[in-house]
Amino acid sequence: MIRNVLGSLVALAGAASAVLSPFRDWYAGRAGQDYRVEDLFGGITAAESGVLVSMLLPFLAAALLVVVGVVLRSRLVVALAGLVVLGFTVLWMVRQGQAAGSLVVAGDGSGLQVGVVNALAGGLLMLIGALLMSGRGRRGRRSRREREPVEPYAAPAADQVDTWPPTQEPGMSVQTSPWPEPEVDPYTGPDPRDPRTRSYPQAPPAESDPRDPVHPPHRPPPPPQG
């Protein structure tokens, strides 16, 4: 989060520097807005240029890319904006050197001036901002992992006996047995020792009941006849 904020601020500062550069002098007292974009591909001339078709146009496009990249937290988009600014600035320097015969830096304003410095600094700040940003890939993956349901424990395989209690913690709490769990004794009636249920009808004792609770009564076999 902090890296995204810091990188975004640096990239936005670079975009502001790049957009401001065409309004300052670039070479021999000529402002960047006086150079046409088409002169970068066909050769620099002395013809004047409109603001929207001057060097300001690619720098405005780069600033818009920076804003989109900051909103989307995309390092690639911000880096692309920095490359656009640096690319157009370097291309202008090549064309200006061809037109003037050489590029010089002079203190009297007859050579490269502060506008070029602003453009180069803006492009570098955009690239630095892209490097500082952490992007959104890791957070997206972490959010997907957090949304995925987590099973408390895996179900036992078909060829394995169940465990009780259902836990995977080692120790005495895990008990395995192939035998079924013991069943609770069935209800045999009210407790005669309890005064609250003493008056309830009682079941006859098992030893006094001639009926076999498991097998039905049957007649004894007849004696063998001799």
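See the structure above.
Bear in mind the structure is a predicted one, so any value in this text is a computation, not a measurement. Positions within a chain are numbered from 1, following the residues in the order the chain's sequence is written. pLDDT decides what is reported in this predicted model: residues at 70 or higher carry local features, side-chain atom pairs at 80 or more are listed and counted, and totals for whole chains, interfaces and linings draw on all residues regardless. Water and hydrogen atoms play no part in the side-chain values, which are based on all heavy atoms of the structure.

On to the packing of helix H3 (residues 56–72) against helix H4 (residues 75–100). Here an angle of 0 to 180 degrees is reported between the N-to-C directions of two axes, which are lines fitted to C-alpha atoms, with helices fitted over the stretch in contact. The helix count covers DSSP runs of H or I at least four residues long, the strand count covers runs of E at least two residues long, and both are numbered beginning at the N terminus. Two numbers describe how H3 lies on H4: the axes approach to 7 Å, and their chain directions differ by 165 degrees. In terms of axis orientation, H3 runs roughly antiparallel to H4. Our pair here, H3 against H4, has a crossing hand that is left-handed. Here H3 contributes Pro 58, Phe 59, Ala 62, Leu 65, Val 66, Gly 69 and Val 70 to the contact with H4, which in turn contributes Val 77, Val 78, Leu 80, Ala 81, Val 84, Val 85, Phe 88 and Thr 89. Nonpolar residues are Ala, Val, Leu, Ile, Met, Phe, Trp, Tyr, Cys and Pro. Charged residues are Asp, Glu, Lys and Arg, and all others, Gly as well, are polar. Taken together, the residues of the contact of H3 with H4 sort by class into 13 nonpolar, two polar and no charged. Each angle receives one of four descriptions, namely roughly parallel if under 35 degrees, roughly antiparallel if over 145, roughly perpendicular if within 65 to 115, and oblique otherwise. Should the near helix be turned anticlockwise from the far one by less than a right angle, the crossing is left-handed, and should it be turned clockwise, the crossing is right-handed. Contact definition: two residues touch when any of their heavy atoms are within 4.5 Å.

To continue, consider the pattern of salt bridges. It is possible for side chains bearing opposite charge to pair when their charged atoms get close. Salt bridges are defined as contacts in which a side-chain nitrogen from Lys or Arg sits within 4 Å of a carboxyl oxygen from Asp or Glu. A full pass over the atoms with the stated rule returns two salt bridges. Note that Arg 36 and Glu 38 form a salt bridge whose closest N and O atoms lie 3.0 Å from each other. Linking Asp 39 and Arg 36 is a salt bridge whose minimum nitrogen-to-oxygen distance equals 3.0 Å. For each residue, the accessible area found with a 1.4 Å probe, counting protein chains only, is set against the maximum for its type, and the residue is called buried under 20%, exposed over 50%, and partly exposed in between. Using a relative accessible area of 3% as the deciding quantity, one classes Asp 39 as buried. Several salt bridges share partner residues, and in doing so they unite Arg 36, Glu 38 and Asp 39 into one network.

Close contact between helix H1 (residues 2–20) and H3 brings their axes to 9 Å; oriented N to C, the two are set at 165 degrees. The pairing of H1 with H3 is recorded here as roughly antiparallel in orientation. The interaxial crossing formed by H1 with H3 has left-handed handedness. Along the contact surface, H1 presents Ser 8, Ala 11, Leu 12, Ala 15, Ala 18 and Val 19, while H3 presents Leu 56, Phe 59, Leu 60, Ala 63, Val 66, Val 67 and Val 70. Counted by class, the contact of H1 with H3 contains twelve nonpolar, one polar and no charged residues.

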